[in-house]
Amino acid sequence: MGDMSTSVTMPSDQVPASQIIEEIRKRRADSGRLVAGVAAASNSDMFKGPQDGKPKAKRWDHHLTEESKLRQPCALKLAAQHLKKPGLISLGSGLPASSVFPFASLSMAVPSVPSFSEAAPVSPATVNKYDIRDGAAEYDLSVALNYGQACGSAQMARFLTEHAEVVHRPPYADWAVCQTIGNTGALEQAARMLCDRDRRDAVLTEAFGFSTAMETFEPLRVGVFGTAIDSEGIVAEAMDELLSGWDEAARGGFRRPHVLYTVPSGQNPTGATQSPARRRAVYAVARKHDMIIIEDEPYYFLQMDPYGQDAAPPTNIDEFVASLVPSYVSIDVDGRVLRMDSFSKVLAPGARLGWIVASQQLVERYQRHAEVASQGPSGFSQVLLHKLLEDSWGGHAGYLQWLMHLRGVYAQKRDALLAACERHLPRDLVSWTPPAAGMFVWLTVDHAKHPDHGTRKLEDIEQEIFDAGIDGGVLVARGSWFRAEQHVPLSGLYFRITYATASPEDMDTATSRFGDAVRSSFKV
């Protein structure tokens, strides 16, 4: 695997996605077939375009935990770099011979570009054990099903590095990609890299956030604190005020947070999407207070037109990529953003395959941890998704067309649920902001109108509505589950509902049942 660089004639933030994809195609053609065997070492510099004129990322040694600093490269993983030497006979690596793998081939049927509907014809796709040996493909089961590097296969690393160029175009030079086992696993490793309980570290996040993230931070015994949010997510001014006036004594002895964890697009649970201006403002506050930003973006490509507006959706991949709200990693001039991406919400959560984009320093530290933890994502997942993305869908353009299709699917789902809310929920008691991305609608119930307001805890009223919903045949998520600071009493009454799974007909029925549960509690 050699240098795959070539020149791009326009500033990267002005180049259409299709032109970058064409530059990638030329790079690949100039480099020839990718040769990457068992446990082949790779890095993003092998696959990136030129980074001329971009600054280097800052160093983040002072943010790393002692645990992270102590991690050394895995000796056995390093030794695998010698396997590519012609004529070498290995007696040093415990890599099983592919002849003992009981899988001669794997076949699947997948939708074809651009007809992605389940009703459309499907195309067969097969991965064989010895496709590389036979010159039939660049990736096969003999490689995928053996031990690999913690950053994943070179074949998928190439695709994901190029994907970051097409979509994000990081503005500093030494960025890199590393595959993960999904965003939850990536977050746990990132937290242990950056959050040290012995120095009383703390994390800042949305006042209501992804409950599993809170459950990831809590056992590490670091502080978790929420900052104010509105319909666009984190309020930068409130965040700055909170950090500027940080009082360790009043905050349980925790240091001012040096890590910001945020879900900027279709935030879970509130559905809020930070606008470009909001992201720039939050990024400026993070720079002011020297924070690392963990950008968790599983819903990034599920961005939609505003509800109720008759806007034409993107008609091609250039319009689609241009329509996306710029990511934090795309405005990150310091290398302080660790972005977490995943195939979970856009292909299949069971694949357990994601990736991070961050500075080479942070990626290297992440990789050292992965070497002794997950050891990288499943070979089955990598080889099947590689077959789907690179062969069946023809690479980046086909994948972006799939994401365009998915955008339309989720827009229809969202519209169906919001229409059901308008039909069945008591508007004098329940309000919501239509989401522009993601899978969730955040319902605010006016607790001040409850007949027991002031005499019962909000948690009890929330429980009563939740139980009435279960009895009536609908499951919703309680807002209290998502509090960043679980010890702080509820200040409002909230519920999260989703349009991810149910059919429009079932959403209508379920929303009616939830409306009945609210009316029952409010005795109206």
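In this text the structure is predicted, and so the values were computed from the model without any measurement. (Residues numbered from 1 in each chain as written. Predicted model: local features only at pLDDT ≥ 70, side-chain atom pairs only at ≥ 80, totals over all residues. Heavy atoms only, no water.)

1. Regarding the overall build of the protein
- Looking only at helices and strands, one finds 15 helices and 15 strands in the protein.
- The C-alpha atoms of the protein give 24 Å as radius of gyration, which agrees with the globular expectation for 524 residues (24 Å, within 12%).
- Its C-alpha atoms give the protein principal-axis dimensions of roughly 80 × 60 × 50 Å.
- Relative to its 524 residues, the protein shows a buried fraction of 55%.
- Per element, the accessible surface of the protein, about 22000 Å² overall, is 53% carbon and sulfur. (Helix = DSSP H or I, 4+ residues; strand = E, 2+ residues; numbered from the N terminus. Rg over C-alpha atoms; globule rule 2.2 N^0.38 Å. Buried < 20%, exposed > 50% of the residue type's maximum accessible area, 1.4 Å probe, protein only. Areas by Shrake-Rupley, 256 points an atom, 1.4 Å probe, with all protein chains shown as cover.)

2. Considering the pattern of salt bridges
- In the structure shown here, the tally under the stated rule is 38 salt bridges.
- Across the pair Glu-162 and Arg-28 runs a salt bridge whose closest N-O atoms are separated by 2.6 Å. Of the two residues, Glu-162 is situated in helix α5 (residues 154-167) and Arg-28 in helix α1 (residues 17-31); the sequence distance between them amounts to 134 residues.
- You can call Arg-28 buried: its relative accessible area is 19%.
- Put simply, Glu-364 and Arg-365 hold a salt bridge, and the shortest N to O gap is 2.8 Å.
- By sharing partners, the salt bridges in this structure join Arg-28, Glu-138, Arg-158, Glu-162 and Glu-390 into a single network. (Salt bridge = Lys/Arg side-chain N within 4 Å of Asp/Glu carboxyl O.)

3. Details of the packing of aromatic side chains
- All told, the structure shown has 19 aromatic pairs when counted by the stated rule.
- When the centroid spacing of 6.3 Å and the interplanar angle of 80° are considered together, the rings of Trp-442 and Phe-482 count as edge-to-face. Remark: Phe-482 occurs in the loop between β14 (477-478) and β15 (493-498) and Trp-442 occurs in strand β13 (residues 440-445); sequence separation between them is 40 residues. Assigned by exposure class, Trp-442 and Phe-482 land together as buried.
- An aromatic cluster of at least three residues, connected via ring pairs, comprises Phe-159, Phe-343, Trp-355 and Tyr-399.
- We note Arg-478 situated over the ring of Phe-466; from NZ or CZ to the ring centre the distance is 5.9 Å. (Phe/Tyr/Trp six-rings, centres within 6.5 Å; stacked < 30°, edge-to-face > 60°. Lys NZ or Arg CZ within 6 Å of the ring centre and 35° of its normal.)

4. Looking at the sheet that holds strand β9 (residues 292-296)
- One open sheet holds the seven strands; their spatial order is β3-β11-β10-β9-β8-β4-β5, and the pairing between them is mixed. This sheet does not close on itself; its edge strands, each paired only once, are β3 (175-180) and β5 (223-227). Strand-to-strand twist in this sheet, taken as the mean axis angle between neighbours without regard to direction, amounts to 20°.
- By the bridge criterion, six bridges tie β3 to strand β11 (residues 354-359) in an arrangement that is antiparallel. If you follow Ala-176 over to β11, its bridge partner there is Ala-358. (Pairing = 2+ DSSP bridges. Axes fitted to C-alpha atoms, helices over the stretch in contact; angles between N-to-C directions.)

5. A closer look at helix α9 (residues 276-288)
- With 13 residues, α9 should cover 18 Å at 1.5 Å per step; its first-to-last C-alpha distance of 18 Å lies within 8% of that length.
- Those residues of α9 that sit buried are Arg-278, Arg-279, Val-282, Tyr-283, Val-285 and Ala-286. Projected down its long axis, α9 carries its buried residues within an arc of 160°, all on one side.
- Where α9 is buried, its residues meet β6 (229-230), β7 (233-234), α8 (236-244), β8 (259-262), β9 and β10 (337-342). (Expected span 1.5 Å × (residues − 1). Arc of directions from axis to C-beta. Contact = heavy atoms within 4.5 Å.)

6. Some remarks on the environment of Cys-195
- Positionally, Cys-195 belongs in the loop between α6 (183-194) and β4 (202-206).
- Given the relative accessible area of 9%, Cys-195 is considered buried.
- Setting aside anything within four residues of it in sequence, one finds Cys-195 in contact with Thr-65, Asp-201, Val-203, Val-222 and Val-259.

7. Looking at the pairing of β4
- Counting buried residues along β4, five of its five residues qualify, which places the element largely inside the surrounding structure.
- Assessed by its sense of winding, the connection that carries the chain from β4 through helix α7 (residues 211-217) to β5 is right-handed.
- Of the pairings in the sheet, the one linking β4 to β8 comprises two bridges and is parallel in character. Bridge pairing in β8 links Val-203 to Val-259. (Right-handed = clockwise from strand over helix to strand, strands pointing away.)

8. Let's talk about the packing of α5 against helix α13 (residues 396-424)
- At a closest axis distance of 11 Å, the pairing of α5 and α13 adopts a crossing angle of 65°. α5 and α13 meet at a crossing whose hand is right-handed. Here Phe-159, Glu-162, His-163, Val-166 and Val-167 of α5 come into contact with α13, specifically with His-396, Tyr-399 and Leu-400.
- Residue composition of the contact of α5 with α13, grouped by class: five nonpolar, two polar and one charged. (Left-handed = near helix turned anticlockwise from the far one by under 90°. Nonpolar A, V, L, I, M, F, W, Y, C, P; charged D, E, K, R; others polar.)

9. Quick word on helix α12 (residues 379-392)
- The end-to-end C-alpha separation of α12 is 18 Å, in line with the 20 Å expected for 14 residues at 1.5 Å each.
- Most of α12 sits out of view: 10 of its 14 residues are buried.
- Every buried residue of α12 is listed here: Gly-379, Ser-381, Gln-382, Val-383, Leu-385, His-386, Lys-387, Leu-388, Leu-389 and Glu-390.
- Here α12 starts with a cap whose side-chain oxygen sits 3.1 Å from the backbone nitrogen of Phe-380, and that cap is Ser-378.
- Of the residues trailing α12, Gly-394 is marked for its positive phi of about 75°. (Polar contact = N/O pair within 3.5 Å; in protein donor to acceptor, adjacent residues only side chain to side chain.)

10. With respect to the side chain of Asp-240
- Among the secondary structure elements, Asp-240 is positioned in helix α8.
- When residues no more than four places from it in sequence are discounted, the contact partners of Asp-240 are Val-285, Lys-288 and His-289.

11. Some remarks on the environment of Ala-448
- On the secondary structure map, Ala-448 appears in the loop between β13 and α14 (458-472).
- For the pair formed by Ala-448 and Arg-365, sequence separation is 83 residues and the distance between their alpha carbons is 49 Å.

12. Quick notes on the confidence of the model for the protein
- Per-residue pLDDT for the protein has a mean of 95; in total, 98% of the residues score no lower than 70.
- Contacts from residues 1-11, a stretch scored under 50 in pLDDT, to residues over four places away or in other chains number 31 contacts. (pLDDT = per-residue confidence, 0-100.)

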